[in-house]
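Results of the structural survey
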Amino acid sequence: MQALQKIQRQAQRQASAQAPLRVEVPAVNRAVPSAAAAPVAAAAPLPAARRAAAFGAPARPVTVCRTATVDAPASASSEGSVREDIRNIAIIAHVDHGKTTLVDAMLKQSKVFRDNQATAERIMDSNDLERERGITILAKNTAIRYRGIKVNIIDTPGHADFGGEVERVINMCDGVLLLVDSVEGPMPQTRFVLRKALELQKRVVVVVNKIDRPAARPDWVIDSTFELFMDLGASDELCEFPVVYASGVNGIAGMTPETLAEDLEPLFATIVKEIRPPSVQPAAPLQLLCANIDYDEHKGRIAIGRVSSGTIKRGQTISICSSLEPGKVRQAKIAELFVYDNFSRVPVDEVAAGDICALSGIADIKIGETITQRENPVPLPTIQVEDPTVNMTFKVNTSPFAGKEGKFVTSRNLKDRLDRELERNLALRVEPGETSDSFVVSGRGTLHLGILIENMRREGYEFEIGPPKVITREVNGKTCEPYEEAIVDVPEQYVGAVVELFAQRKGEMVDLIPSIQGASRIKFRIATRGLLGLKNSLLTATRGLGVMNTLFLEYAPVAGEILMRENGSLVAHETGQATTYALESAQDRGQMFCRPGDQVYEGQVIGMHAKAGDLKVNICKTKQLTNMRAAGKDTKVGLDEPRSMGLDDSLEYINDDEQVEVTPKSIRIRKDPMAANKGKKGR
């Protein structure tokens, strides 16, 4: 009902407007203060007009015209112009809605690769972790050519924990492609990335992807997307978004769901037509905001950004400054200069305003700094990202097995690695811990920090991780904690189990929407603290069929005590090698995490207790041998399959008195000796 009222109010506002809405498309390289040209073509009513007409309100006429008039930015001079030969776009969407797959199809149809060239799936996901997990973690740049126009494309992550990547690179583009699944519709991360695009007044082209799915419902998806625009306070002009229907995996697109072309030609044409070309000032002093950093073994650190004004040249001496440090300026020289073209970096001598480039030669460049003309160091506003909500303690490994598997084991190694991560990961924060060999690392979520831990582990680092904790704030004299919106898609028969699970963690059910094919969508408001360790419990309660997505909402008063885990842990009684004989009796006490032959130490968590409270067990004892019997004579031992505890599982499992030992070869859980000592002192 509320959505209906919003749409009716929108229709009334449109009906009250007398002048027709005109979508201006600038002409080729004309000066800004030029006369407007006559309209050349009219387009069909766009979504907002269709919605208004559906509710009986007259929509004001929408005319798409091509003129030479461009609204210049406040800092533009009379020498401003537009570059019709370039379009800069970012592809944004919820996780698993097909961004990277669509980019693959765009690259292949742009003849970037040879016909006989072997290419892998998800070409843009070049990171090992990205390919293993099937998600995009880092934002990446590429470019294609369409009818003589260069289209710079930025592929962004879809998971909420990597929202900082989206915030960092969206400044480089002039418009965005918002991908929405043809069945699921707008999801939590869709709201987040769209809000960031609308705040910067970016033109949005909505792409309804996976239109070939049997359960596709494009009309419902468009209506839901339009309601999302209205909820986010989008202007009337931005609400008139163009829509393209596509199937990224098949490489086809069309302007209606029924009439799809045999390729992505309709999508390319819509990008060129609807995304405004960059407004530039070629004669103004150089300004380039560093939005990303890459590294090459031979070239060193590579800065990536968009030339906002002026021209940058290879071998040029430039100044580097930041709006966060006024008056502090240093100089450097551009060693090499590149642009993105056809899935590769192409060396060039100079890059004009409006294009995205990469440059080397500045060893200490940081994200958010501005590269300017040497004589005129005027910085651009730095990049701002939202604050982290979860932190973990990284510290030197102190277990009995410390130093046996890792290459970098000291606190100095740990600090240097975290400092390097801060240079490119803007959503990360690092602070000193309680001791000299510990560091408090804050991020957007456990997945955000888990990816950092896994990367460090593969690089040879060995360290310990404390349990994830939420970051609280003082608001009006009250202690507040972060709350999130959790959306769970689950079959109808498991709705009751999901609601009960969230209620145990102080979650409030906000909405229950019957979905399609016997599934339901449940929306909860829950403290971030209640989400820690919830994933495995949800999968167990729904037999692996529940899918949960979350989005940060607000800071609100603390929800009270939340029971994170009902079961205790099975703790090793002594150091040694686990034996089959000992594990046979120990497995009756709970679920084991180790196998016969594994090396364990005293205080290591080797299983989950079937009851509340911890229990020490001896899994290293051996069968006593006599002259009357042999070791394996009496019984044939049958052991249950132990539970495999990876990094993500271990981070979800641990309580406040436990920590995870991370080495290049092993992941172990142990009791925190400092917590045990505090308990003894308290008694």
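Source: prediction; values computed, not measured. (Residues numbered from 1 in each chain as written. Predicted model: local features only at pLDDT ≥ 70, side-chain atom pairs only at ≥ 80, totals over all residues. Heavy atoms only, no water.)

1. Looking at the overall build of the chain
Each helix and strand counted, the chain has 17 helices and 39 strands in total. A buried classification covers 52% of the 683 residues belonging to the chain. Contacts in the chain between residues far apart in sequence, at least 24 positions, make up 74% of those at least 6 positions apart. Carbon and sulfur atoms form 49% of the exposed surface of the chain, whose accessible area is close to 31,200 Å². (Helix = DSSP H or I, 4+ residues; strand = E, 2+ residues; numbered from the N terminus. Buried < 20%, exposed > 50% of the residue type's maximum accessible area, 1.4 Å probe, protein only. Contact = heavy atoms within 4.5 Å. Areas by Shrake-Rupley, 256 points an atom, 1.4 Å probe, with all protein chains shown as cover.)

2. Focus on the pattern of salt bridges
Under the definition given, this model contains 43 salt bridges. With a closest N to O distance of 2.4 Å, Arg-168 and Glu-165 form a salt bridge. Note that Arg-168 and Glu-165 are positioned in helix H5 (residues 163–169) at a spacing of three residues, about one turn of the helix. For Arg-168, a relative accessible area of 0% gives the class buried. Residue class for Glu-165 comes out buried when judged on its relative accessible area of 6%. Note that Glu-167 is salt-bridged to Arg-444, the shortest N-O span being 2.4 Å. (Salt bridge = Lys/Arg side-chain N within 4 Å of Asp/Glu carboxyl O.)

3. A closer look at the pairing of strand E17 (residues 336–340)
Most of E17 sits inside the fold, with four of its five residues counted as buried. Pairing of E17 with strand E20 (residues 356–360) involves four bridges; the strand directions are antiparallel. Bridging across to E20, Glu-336 finds its partner in Ser-360. Of the strand pairs in this sheet, E17 and strand E18 (residues 345–347) are connected by three bridges, and their pairing is antiparallel. Bridge pairing in E18 places Phe-338 opposite Pro-347. Counting the residues in the hairpin turn of E17 and E18 gives four residues, including Asn-342, whose phi is positive at 55 degrees. (Pairing = 2+ DSSP bridges.)

4. Focus on the packing of aromatic side chains
Using the criterion set out here, one finds eight aromatic pairs in the structure. Geometry around Trp-220 places Arg-217 over its ring, the cationic atom sitting 3.8 Å from the centre. The ring centre of Tyr-483 lies 4.3 Å from the NZ or CZ of Arg-525, which sits over that ring. (Phe/Tyr/Trp six-rings, centres within 6.5 Å; stacked < 30°, edge-to-face > 60°. Lys NZ or Arg CZ within 6 Å of the ring centre and 35° of its normal.)

5. Looking at the packing of helix H6 (residues 188–199) against helix H7 (residues 218–231)
One way to put it is that H6 packs onto H7 with a least axis distance of 10 Å and a crossing angle of 50 degrees. One finds that H6 runs oblique with respect to H7. Between H6 and H7 the crossing geometry is right-handed. On H7, the residues that touch Thr-190, Arg-191, Leu-194 and Leu-198 of H6 are Leu-228, Phe-229 and Asp-231. When the residues that make up the contact of H6 with H7 are grouped by side-chain class, the tally is four nonpolar, one polar and two charged. (Axes fitted to C-alpha atoms, helices over the stretch in contact; angles between N-to-C directions. Parallel < 35°, antiparallel > 145°, perpendicular 65-115°, else oblique. Left-handed = near helix turned anticlockwise from the far one by under 90°. Nonpolar A, V, L, I, M, F, W, Y, C, P; charged D, E, K, R; others polar.)

6. Overview of helix H9 (residues 265–274)
With seven of ten residues buried, H9 is to be regarded as a mostly interior element. Buried within H9 are the following residues: Pro-266, Leu-267, Phe-268, Thr-270, Ile-271, Val-272 and Glu-274.

7. Quick notes on H7
Over its 14 residues, H7 runs 20 Å from end to end, which matches the ideal 20 Å to within 8%, given 1.5 Å per residue. Those residues of H7 that sit buried are Pro-218, Val-221, Ile-222, Ser-224, Thr-225, Phe-226, Leu-228, Phe-229 and Met-230. (Expected span 1.5 Å × (residues − 1).)

8. Side note on the nonpolar core
Phe-229, Ile-312 and Leu-359 are the most contacted members of the largest nonpolar core, which totals 69 residues. Each of two domains, domain 1 (86–114 + 121–274) and domain 2 (287–372), supplies a minimum of three residues to this core. Residues within four places of Leu-359 in sequence aside, it is in contact with Leu-288, Arg-301, Ile-302, Ala-303, Ile-312, Ile-334, Glu-336, Leu-337 and Ile-371. (Core = buried A, V, L, I, M, F, W, Y, C linked by side-chain atoms within 4.5 Å. Domains from an automatic or database assignment.)

9. Comments concerning the sheet that holds E18
Overall, antiparallel pairing links the eight strands, which are arranged E16-E15-E21-E12-E13-E20-E17-E18 in an open sheet. The open sheet has two edge strands, strand E16 (330–333) and E18, and neither has a second partner. Within the sheet, the average angular offset between the axes of one strand and its neighbour, ignoring direction, is 40 degrees. Where strand E15 (residues 317–321) meets strand E21 (residues 370–373), four bridges bridge the pair, whose relative direction is antiparallel. Within E21, the residue paired with Ile-318 across the bridge is Gln-373.

10. As for the side chain of Asp-174
Considering the arrangement of structural elements, one finds Asp-174 in the loop between H5 and strand E7 (175–181). Overall, the relative accessible area of 17% leaves Asp-174 in the buried class. Of the polar contacts made by the side chain of Asp-174, one reaches the side chain of Arg-306; its length is 2.9 Å. With near-sequence residues (within four places) excluded, Asp-174 lies in contact with Asn-88, Lys-202, Arg-203, Ile-275, Arg-276, Pro-278 and Arg-306. (Polar contact = N/O pair within 3.5 Å; in protein donor to acceptor, adjacent residues only side chain to side chain.)

11. Considerations on the sheet that holds E7
The seven strands lie next to each other as E5-E6-E4-E7-E8-E9-E10, forming an open sheet whose pairing is mixed. Where the open sheet ends on each side, the last strands, each with one partner, are strand E5 (140–146) and strand E10 (252–254). Neighbouring strand axes in the sheet, compared pairwise and without regard to direction, differ in orientation by 30 degrees on average. Sheet strands touched by H9: strand E4 (86–93), E5, strand E6 (149–155), E7, strand E8 (203–209), strand E9 (243–247) and E10. Its angle to E5, the strand with the most contacts, is close to 100 degrees.

12. What about unusual backbone geometry?
Residues other than glycine predominantly adopt negative phi, and peptide bonds predominantly adopt the trans conformation. You will see that Asn-476, though not glycine, has its phi angle at about 55 degrees, which is positive. Tracing the backbone shows Asn-476 in the loop between strand E27 (473–475) and strand E28 (478–491). When its relative accessible area of 77% is taken as the criterion, Asn-476 is described as exposed. Backbone geometry places Lys-506, a non-glycine residue, at a positive phi of 65 degrees. In this fold, Lys-506 is placed in the loop between helix H12 (495–504) and strand E29 (508–514).

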